[in-house]
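Letter by letter, the chains look like this.
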Amino acid sequence: MMKIKPIITAISIAAVSAGVGALAAPADNTRTLPVRTADAIPSIAKKVSLNVQENRSRSIDGAAAVAIKPKASNSAPVDSMNQLINTKQEAKKNVQAPAADNMSAAELTLKDEQSDSTDDISEGQAVAAPSDVSSIDSSDPLAFELPENEKRQDFSDDPTIKNIEDKDGKRYTTLNLSNYAQQVNNAVWSPNMKVNSAMTIKMQALLDWNHASPGPIDGGWGMNSKKALINFQAMKGLPTTGKMDQKTWDALVKNIPASKPVLVTYTLTADDINTNFATTPSGSEAKSKMKGLYYQDIKEMLGERFHMDVRYLDKLNKNKEYKAGETITVLNTRGPLNKRINRVVANKADKTLYAYDGNQLVATYPTTVGSDDTPSPHGTYKIVNKVKMPWYKATVGEGTQKKIHMLPPGPNNPVGVVWMGLSKPSYGLHGSPVPEGISRQASHGCIRLTNWDVLEVYANIENGATVELK
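About the criteria used
- Residues numbered from 1 in each chain as written.
- Predicted model: local features only at pLDDT ≥ 70, side-chain atom pairs only at ≥ 80, totals over all residues.
- Heavy atoms only, no water.
- Helix = DSSP H or I, 4+ residues; strand = E, 2+ residues; numbered from the N terminus.
- Buried < 20%, exposed > 50% of the residue type's maximum accessible area, 1.4 Å probe, protein only.
- Contact = heavy atoms within 4.5 Å.
- Pairing = 2+ DSSP bridges.
- Arc of directions from axis to C-beta.
- Polar contact = N/O pair within 3.5 Å; in protein donor to acceptor, adjacent residues only side chain to side chain.
- Phe/Tyr/Trp six-rings, centres within 6.5 Å; stacked < 30°, edge-to-face > 60°.
- Lys NZ or Arg CZ within 6 Å of the ring centre and 35° of its normal.
- Axes fitted to C-alpha atoms, helices over the stretch in contact; angles between N-to-C directions.
- pLDDT = per-residue confidence, 0-100.
- Core = buried A, V, L, I, M, F, W, Y, C linked by side-chain atoms within 4.5 Å.

J.: So, the side chain of Gln233: which residues are in play, and what are the values?
T.: Here Gln233 lies in helix α8 (residues 223–235). Judged by relative accessible area, Gln233 falls into the buried class, the value being 0%. Discounting residues that sit within four places of it in the chain, Gln233 has contacts with Leu238, Pro239, Thr240, Thr241, Gly242, Lys243 and Thr248.

J.: Would you mind going over the sheet that holds strand β7 (residues 327–331) in detail, with residue names and values included?
T.: Strand pairing in a sheet relies on backbone hydrogen bonds. The paired strands run either parallel or antiparallel. As summarised here, the arrangement of the three strands in space is β5-β6-β7, forming an open sheet in which the pairing is antiparallel. Since the sheet does not close on itself, it has two edges, and those belong to β5 (172–173) and β7, each with one partner. Bridge count for β5 against strand β6 (residues 263–267) is two bridges, and the pairing is antiparallel. Residue pairing across strands places Tyr172 opposite Tyr266, the latter belonging to β6.

J.: An account of helix α9 (residues 246–253) is needed here, citing residue identities and associated values.
T.: Turning to α9, its buried residues number three or more, namely Thr248, Trp249, Ala251 and Leu252. Viewed end-on, α9 has its buried residues packed into an arc of 165°, placing them on one side of the element. Summarising the contacts, the buried residues of α9 are in contact with α7 (197–209) and α8. The opening residue of α9 is Asp245, an N-cap whose side-chain oxygen sits 3.3 Å from the backbone nitrogen of Lys247.

J.: I'd love a proper account of the packing of aromatic side chains, names of residues and values included.
T.: Applying the stated criterion to the full structure yields three aromatic pairs. A centroid spacing of 6.1 Å and a plane angle of 80° characterise the contact between Tyr172 and Phe306, whose relative ring orientation is edge-to-face. Of the two residues, Tyr172 sits in strand β5 while Phe306 sits in the loop between α12 (298–305) and α13 (310–316), which places them 134 residues apart along the sequence. Ring-pair connections join several aromatic residues into one group, and the members of that group are Tyr172, Tyr266 and Phe306. Positioned above the aromatic ring of Tyr356, the side-chain terminus of Arg343 is 4.0 Å from the ring centre. The ring of Tyr458 carries the charged tip of Lys386 above its face, separated from the ring centre by 4.7 Å.

J.: Residues and numbers for the sheet that holds strand β12 (residues 379–388), please.
T.: Taking strand neighbours across the sheet as the criterion, the nine strands line up as β10-β9-β8-β18-β12-β15-β16-β17-β11 in an open arrangement whose pairing is mixed. Unpaired on one side and paired on the other, β10 (360–366) and β11 (368–369) mark the two borders of the sheet. Bridge count for β11 against strand β17 (residues 447–448) is two bridges, and the pairing is antiparallel. The residue of β17 that forms the bridge with Thr368 is Arg448. Where α8 meets the sheet, it contacts β9 (352–357) and β10, and its direction lies at approximately 180° from that of β10. Running over the sheet, helix α14 (residues 451–460) touches β8 (341–347), β9, β10, β12, β15 (418–422), β16 (428–430) and β18 (461–469) and is turned about 55° from β15.

J.: For unusual backbone geometry, give the residues involved together with the corresponding values.
T.: Residues other than glycine seldom take positive phi values, yet Asn319 does so here, at roughly 70°. Positionally, Asn319 belongs in the loop between α13 and β7. On the basis of relative accessible area, Asn319 is assigned to the exposed category, the value being 78%. The backbone of Met389 shows a phi angle near 50°, a positive value even though the residue is not glycine.

J.: Describe the confidence of the model for the protein chain, listing the residues and the values that go with them.
T.: Per-residue confidence for the protein chain averages 74 on the pLDDT scale, and 64% of its residues sit at or above 70. Here residues 130–152 is a poorly scored stretch, pLDDT under 50, and it has 28 contacts once near neighbours within four places are set aside; other chains count. Note that pLDDT drops below 50 for residues 371–375; the model gives that stretch 10 contacts with residues more than four away or on any other chain.

J.: Can you break down the nonpolar core residue by residue, with the values?
T.: Counting 94 residues, the largest nonpolar core has Leu263, Leu302, Leu353 and Met420 as the members making the most contacts within it. At eight residues, α7 tops the list of elements feeding residues into this core. Discounting chain neighbours no more than four positions away, the residues touching Met420 are Ile383, Asn385, Lys386, Gly428, Leu429, Val454, Val457, Tyr458 and Ile461.

J.: Let's hear about the environment of Arg340: which residues, and what values?
T.: Residue position: Arg340 is located in the loop between β7 and β8. Note on Arg340: relative accessible area 43%, which makes it partly exposed. Remark: the alpha-carbon pair of Arg340 and Ile461, spanning 121 residues in sequence, is separated by 6.3 Å. Ignoring any residue separated from it by four or fewer positions in sequence, one finds Arg340 in contact with Tyr356, Asp357, Val362, Asn460 and Glu462.

The structure is reproduced here in structure tokens:
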């Protein structure tokens, strides 16, 4: 991600700123990352060795699924966590991608960084489109007047935020669930139980429900899931082992109704099918000519709405046509946080954003914080502005070759669906067009979250909240 300078029209920034070991499946690749968390949590304030197992996820039809007969196959297990979903653009470019299921963690990270480096944007700014152009003070360096054709594009009623946040009026049932889905819903942890995908999905869902976000849920116990378990243990004052035990399980299910299903059936509506979809083109100039940087297809939209890796959504819904009236199987996502956030700590070492109400840790999210080439600054700053569905002022090239393109809002905007600017110019917390890349892709200094996680932060964080970058 390139550097991003917040330019929020008609907002005075100065005024605002004043105011699982035991259940992890075997892995091909293992590396060690230091986990450092906030000093306010003595149990995990010291460095801990996090054995990150970049898991090769098991297919729900595979041998790991409980009581499901394995299919005969000569192929290797399918990876569901380590590869980023970026195949649409690669297919467009007619590039033959490597066999991602066999890529190591290091190769995946390199692939992500190379993908970012080929972006033509040299720098950019998140921009809130002005509602009253006549009120803009042209002498104000924070004012930016959009071209006439862009002023006519109104995103106030864009359904993207509603698609991610709102469940009201939608039909969810537990009717006609597959045997596998029923096994997930009925799964109960017990000591020394064998690894199985049903239990893995349930653990990921329980972490999501408890606001220790594992990122996109996929049935693979990889880096983000193991971090989420450690973070949940920290939130509850338990030993941060990263391994399931009886006390951790009891804490996970304590405030969850025993009858709450993990997987549910959802009936697609006409509104779902009629959402604006469009392939995201390559290059800023082409993006700037789009009416919006919408979801590319309905599966991408549903993946974000239900906090799911699109490949896992596909596995659950083989042979589905995704048409109105059709019933699909999806994840039953978490409810609202309903906790004030007045301080966050973004820790690059363990790639986690810790959200606090005072000294109480209330939520954690996997994140990407800077890179080796463009590290985020260390220090304490403030949230100075918050914008949903931001525009993006992309700068391409340098000197006499410099060009500026205005990229419209949408989930595939470079900063996703939310921008929260910091008192440190050029830096902010924001969403991402590639949720599967969180904690794996590099970032040019800013703090990336999935679109659904950044919306949860947005809904609960105060303007003027403290942001500590470590």
